[in-house]
Amino acid sequence: MIEVSRCSKSRIEQVDFNQLTFGKNFTDHMFCCTYDQGQWHNPRIIPYAPLTLDPGAKVFHYGQAVFEGMKAFKDDTGSVFLFRPDQNIARFNKSAERLAIPEFPEDLFLEALKMLVNIDRDWVKSGHGHALYIRPFVFASENGIAASPSARYEFMIVLSPVTAYYSEKLKVLIADHYSRAADGGVGFAKAAGNYAAQFYPTNLAREKGYHQVIWTDASSHEFLEEAGTMNVFFRVGDTLITAPTNDRILDGVTRKSIIELARELHLDVAIRKFSVTELLEAYHSGDLKEIFGSGTAATISAVSAFGHKENLYMLPEVSDCYADRLKHALQDIQYNLGKDPFGWRLKI
Ligand SMILES: *Cc1c(COP(=O)(O)O)cnc(C)c1O
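A few points on the structure. (Residues numbered from 1 in each chain as written. Predicted model: local features only at pLDDT ≥ 70, side-chain atom pairs only at ≥ 80, totals over all residues. Heavy atoms only, no water.)

All right, on to the overall build of the chain then. Along the backbone of the chain there are seven helices and 18 strands. Along the three orthogonal principal directions, the C-alpha set of the chain runs to about 60 × 50 × 35 Å. In the chain, of all internal contacts separated by at least 6 residues, the share reaching a separation of at least 24 is 71%. Carbon and sulfur atoms make up 50% of the accessible area of the chain, which amounts to about 15800 Å² in all. Positive and negative side-chain charges of the chain, numbering 37 and 43 respectively, have mean locations separated by a distance of 2 Å. (Helix = DSSP H or I, 4+ residues; strand = E, 2+ residues; numbered from the N terminus. Contact = heavy atoms within 4.5 Å. Areas by Shrake-Rupley, 256 points an atom, 1.4 Å probe, with all protein chains shown as cover. Lys, Arg positive; Asp, Glu negative; His and termini not counted. Charge placed at Lys NZ, Arg CZ, Asp CG, Glu CD.)

Encoded structure:
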């Protein structure tokens, strides 16, 4: 049973929904659940508020924390939908396992998502680009700086109203020195520290005028794996190519949805390793048509140019753009504008 205590006054009037900075505003309520003495207990929805934590809490010292990112959408009639929440719930527990965090019960997770989003449903605006970004996370809250897994955790869900994320096309730099993940590491998990490790090399790329880094495999820097915090697709001729997932690549829900949609649209999809050498060959022969990233926050972000070593390569404008077609197909499902042939929408 989830206990609910509501806030006395909503803050919704203080928010300009047409001028949102991604992830800066939070709704009136949050979900919390505590793990202690071997079990999760006290699931509750309470007014959104700061936490009080002991400075010795393990998360501050060892980064034992994982998170998820998903969205709720509202259609023109006011119905609110989650998009494939089962996928995020399963991945959350996969990430948690890798960080030695106890898994969170799937049923309770889904119930919490539905109840929390429903309570704050006025914060989900209908219309193109509007969505409610949902951030479930868990962290080690045991007080004590011995380097061992925590005996206590806090699981939480917070909600943030957002509009379309990246609007401009991205300039990306192919990594040839730094890596975001290694074989046998935690790259496949949504571990908080993965992001911290990306900030410095991404800052270096920004200084050179790029928005994001295209991550390559850690050992040879030859295979193209992810774009910033997104999965990455390449269109060569009429074939859409994306790397197979492995323990360095995050298994994106957007990525897998795009693969299914592309097949439904009778586009040729190849899930295979794709190298920098092949990319440059395709560029020089004129076969490289598009590059785009995929992820919940931005849905699909087109790339306008990529850098490798000291060279900059500008992509052509294409008339029959796969990124646009796939983005529309995906958003039609998310916003309840079309059929849902795969059963991805969950009405709450
Ligand atoms: C979350 C994430 C993605 C995208 O996953 P989605 O489920 O599509 O949002 C891709 N790469 C990394 C590194 C991520 O953390």
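Still more ground to cover, so stick around.
So, about the packing of aromatic side chains. According to the stated counting rule, one finds 25 aromatic pairs in the structure shown. Taking 5.0 Å as the distance between ring centres and 70 degrees as the angle between the ring planes, the aromatic pair formed by phenylalanine 73 and tyrosine 335 counts as edge-to-face. Of this pair, phenylalanine 73 sits in strand β5 (residues 70–74) while tyrosine 335 is found in the loop between α7 (322–334) and β18 (345–347), placing the two residues 262 residues apart along the sequence. What makes phenylalanine 73 buried here is its relative accessible area of 4%. Following the ring pairs from residue to residue traces out a cluster consisting of Phe31, Tyr35, Trp40, Phe92, Phe104, Phe109, Tyr153 and Phe155. For lysine 171, the ring lying beneath its charged end belongs to tyrosine 210, and the centroid distance is 5.4 Å. Over the aromatic face of tyrosine 322 sits the side chain of arginine 235, whose NZ or CZ is 3.7 Å from the ring centroid. (Phe/Tyr/Trp six-rings, centres within 6.5 Å; stacked < 30°, edge-to-face > 60°. Buried < 20%, exposed > 50% of the residue type's maximum accessible area, 1.4 Å probe, protein only. Lys NZ or Arg CZ within 6 Å of the ring centre and 35° of its normal.)

Before going further, it helps to examine helix α4 (residues 192–207). Every α-helix carries 3.6 residues per turn, so stepping three or four residues along brings you back to the same face. The end-to-end C-alpha distance of α4, which contains 16 residues, comes to 24 Å, matching closely the 22 Å that a straight helix rising 1.5 Å per residue would cover. Where α4 bends most, at phenylalanine 199, the angle is about 30 degrees, and the proline proline 201 comes one to four residues later. Every buried residue of α4 is listed here: Asn194, Gln198, Pro201, Thr202 and Ala205. Its buried side turned inward, α4 meets β9 (170–174) and β10 (212–216). A positive phi of about 95 degrees marks glycine 209, the residue just after α4. (Expected span 1.5 Å × (residues − 1). Bend = angle between axes of the 7 residues up to and from the residue.)

Moving on: the environment of phenylalanine 17. With respect to the secondary-structure elements, phenylalanine 17 resides in the loop between β1 (3–4) and β2 (29–36). You can call phenylalanine 17 buried: its relative accessible area is 11%. Placed 108 residues apart in sequence, phenylalanine 17 and lysine 125 show a C-alpha to C-alpha distance of 8.0 Å. Discounting chain neighbours no more than four positions away, the residues touching phenylalanine 17 are Ile12, Trp123, Lys125, His130, Pro161 and Thr163.

Close to the ligand lie 14 residues; Lys190, Tyr195, Glu226, Thr254 and Thr296 are nearest. Between the ligand and the protein, one listed contact pairs an oxygen atom with a side-chain N or O atom of tyrosine 195 at 2.5 Å. At 3.3 Å from a nitrogen atom of the ligand is found a main-chain nitrogen or oxygen belonging to threonine 229. Starting from 380 Å² of accessible surface for the ligand in isolation, the protein chains cover 96%. More than half of the atoms belonging to the ligand lie within 2 Å of the grid points that define the largest pocket. Elements that contribute at least two residues to the shell around the ligand include exactly β12 (230–236) and α5 (253–264). Partitioned by chemical class, the residues of the shell around the ligand number four nonpolar, six polar and four charged. (Near = heavy atom within 4 Å. Polar contact = N/O pair within 3.5 Å; in protein donor to acceptor, adjacent residues only side chain to side chain. 1 Å grid on protein atoms, 1.4 Å probe; cavity = no way out; pocket = protein on both sides within 12 Å on 5 of 7 lines; lining within 4 Å. Sits in = over half its atoms within 2 Å of the grid points. Nonpolar A, V, L, I, M, F, W, Y, C, P; charged D, E, K, R; others polar.)

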